[in-house]
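Chain by chain, the residues:
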Amino acid sequence: MSRVVIAALGAITAASLTVACESSRMPSSPSTSSSEQQVPVSNAGPSAPGNKASGAEIYMADLKPLNPHVGYREVSGKARFQIVNGQFVAADNATGLQPGMIHPQHIHAAAVCPPPSADVNGDSFIDVIEGVPFYGPILVPLDTDLTNQPAGSFPFVHNHGGALQYRETTDINALLADLNAPDPNPADAVVKLNGEPLNLSGRHVVLHGVALDTPLPSSVATLPGLPAQLTLPVACGEIQRVN
């Protein structure tokens, strides 16, 4: 991926993470929404009772740790996506995330989770910039508004176990309309489909964020105006169709 694309990731992601950071400082709890419901994400295949809707497309991703040596605990979990009856359903459960903060998460456009060799500066961390050439630009922010890339709030982890539960449903046509709308800023690294299929298989889910007081070396890169702790990738998973 070019230096231009890597640098451009900062603009939209910084805006999204700044909103997340501001929201995490609010004294009141975030508004109750479907993203805060305790919804399990199972490994159920196409024979499971909930998977019998005609023409349903079901996708899963195993979320595996990135930078597991830093943060609250080692992060792991599962994400599930379903397209059925004209609806797009996105859900994920993860554990080990830092409580008391919002954790940005996205479907990224490219096809690889960063390997250890992604740590090109050898500081023992794969930072957000080093990860971009592998998981690629942002396609779908997994927040409270799946029909508007810049809008919505990321999930907030309340409990001391570090468990994140997220679920949102939207009309698939509304999602696709947004992903195929004119790109307001082609220079940034939030991409549009431009008429191509959604093609979830092979794309990736990435979660970010460790406690703001986590000691990190100055070599850990971040986005303009944001602490490296907020943008540090903590989990990644490849999306695969299971039916």
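Along each chain, the written sequence defines residue order, and numbers are assigned to residues from 1. Totals for whole chains, interfaces and linings use every residue, but because this is a predicted model, local features are given only for residues with pLDDT of at least 70 and side-chain atom pairs only at 80 or more, for both listing and counting. With hydrogens and water excluded, all non-hydrogen atoms of the structure serve as input to the side-chain values.

1. Digging into the overall build of the protein
Runs of H or I in DSSP of at least four residues are treated as helices and runs of E of at least two as strands, each being numbered from the N terminus. Along the backbone of the protein there are four helices and 10 strands. Walking the protein from its N terminus toward its C terminus, one meets helices and strands in the order α-β-β-β-β-β-α-β-β-β-α-β-α-β. The cut-offs for exposure are 20% and 50% of the maximum accessible area for each residue type, with area from a 1.4 Å probe on protein chains only; residues under the lower value are buried, those over the upper are exposed, and the others partly exposed. Looking at the protein as a whole, 51% of its 243 residues are labelled buried. Partitioning the intrachain contacts of the protein with sequence separation of at least 6 by distance along the chain shows that 72% fall at a separation of at least 24. For the protein, the accessible surface area stands at approximately 10600 Å², while carbon and sulfur atoms represent 54% of it. It only takes one pair of heavy atoms within 4.5 Å for two residues to be counted as in contact. Method for areas: the Shrake-Rupley scheme with a 1.4 Å probe, in which residue coverage is limited to the protein chains shown.

2. Focus on the nonpolar core
Among the nonpolar cores identified, the biggest contains 37 residues, and F81, F88, L142, L198 and V205 are the most heavily contacted of them. The set of elements that each furnish at least two residues to this core consists of strand 1 (57-65), strand 2 (76-84), strand 3 (87-95), strand 6 (138-141), strand 8 (164-171), helix 3 (172-179), strand 9 (204-208) and strand 10 (233-241). Buried Ala, Val, Leu, Ile, Met, Phe, Trp, Tyr and Cys residues that are joined via side-chain atoms within 4.5 Å together make up what is termed a nonpolar core.

3. Description of the sheet that holds strand 5 (residues 105-108)
Sheet strands line up and pair through hydrogen bonds in the backbone, either parallel or antiparallel. Paired strands, in this sense, are two strands between which DSSP finds at least two bridges. Pairing is antiparallel across the open sheet formed by eight strands, whose spatial order is 6-5-9-10-1-2-3-8. Two strands close off the open sheet at either side, each with one partner strand: strand 6 and strand 8. On average, each strand axis in the sheet is inclined to that of its neighbour by 20 degrees, with strand direction left out of account. Both strand 2 and strand 3 contribute to a ladder of nine bridges, which runs antiparallel. Bridging across to strand 3, S76 finds its partner in T95. Running at roughly 170 degrees to strand 9, helix 2 (residues 128-135) makes contact with strand 5, strand 9 and strand 10 of the sheet. A fitted line through C-alpha atoms serves as each axis, taken over the contacting stretch for helices, and the angle formed by two N-to-C directions is quoted from 0 to 180°. Of the strands in this sheet, strand 2, strand 3, strand 6 and strand 8 are in contact with helix 3, which crosses strand 8 at around 90 degrees.

4. With respect to the pattern of salt bridges
The term salt bridge refers to a pairing of a side-chain nitrogen on Lys or Arg with a carboxyl oxygen on Asp or Glu at a separation within 4 Å. A full pass over the atoms with the stated rule returns two salt bridges. K78 is the partner of D62 in a salt bridge, and the nearest nitrogen-oxygen pair spans 2.6 Å. Of this pair, D62 sits in strand 1 while K78 is found in strand 2, placing the two residues 16 residues apart along the sequence. A salt bridge links K192 to D178; the shortest N-O distance between them is 3.7 Å. Of this pair, K192 sits in the loop between helix 3 and strand 9 while D178 sits in helix 3, and the two are 14 residues apart along the sequence. Take K192 and D178: they sit in the same class, and that class is buried.

5. Topic: the packing of aromatic side chains
Pairing of aromatic side chains requires ring centres within 6.5 Å, counting the rings of Phe and Tyr and the six-membered ring of Trp. Pairs whose planes differ by under 30 degrees are stacked, by over 60 edge-to-face, and all others tilted. One pass over the full model with this rule turns up one aromatic pair. Geometrically, the ring pair formed by F81 and F88 is stacked, given 6.1 Å between the ring centres and 20 degrees between the ring planes. The same class applies to F81 as to F88, namely buried.

6. Notes on helix 2
Since the α-helix advances by 3.6 residues per turn, residues separated by three or four positions end up pointing in the same direction. Among the residues of helix 2, V128, E130, G131, V132 and Y135 are the ones counted as buried. Counted as a polar contact is a pair of N or O atoms within 3.5 Å, where, for protein atoms, one must be capable of donating a hydrogen and the other of accepting one, and residues adjacent in sequence contribute only when both atoms are in side chains. Measuring from the backbone nitrogen of I129 back to the side-chain oxygen at the start of helix 2 gives 3.0 Å, which picks out D127 as the cap.

7. Focus: the pairing of strand 9
Among the five residues of strand 9, five are classified as buried, and the element is accordingly described as predominantly covered. Side chains H204, V206 and H208 of strand 9 all project onto a buried face; the interleaved residues V205 and L207 project onto the opposite face, where all are buried too. In this structure, strand 5 lies alongside strand 9, joined through four bridges in antiparallel fashion. Bridged to H106 within strand 9 is V206. As paired strands, strand 9 and strand 10 are joined by five bridges and run antiparallel to one another. Within strand 10, the position partnered with H204 by the bridge is E238.

8. A word on the confidence of the model for the protein
Chain-level statistics for the protein give a pLDDT mean of 82 and a share of 77% at 70 or above. Scored between 0 and 100, pLDDT is the confidence that the predictor attaches to each residue. Taken as a whole, residues 1-39 scores under 50 in pLDDT and shows 63 contacts with residues more than four places along the chain or in a different chain. Note that pLDDT drops below 50 for residues 42-52; the model gives that stretch 15 contacts with residues more than four away or on any other chain.

9. Notes on the environment of D171
Residue placement: D171 occurs in strand 8. Here the alpha-carbon distance between D171 and Q87, two residues 84 residues apart in the chain, equals 4.6 Å. Beyond its immediate stretch of four places on either side in the chain, D171 contacts G86 and Q87. A polar contact of 2.9 Å, which involves the side chain of D171, links it to the backbone nitrogen of N173.

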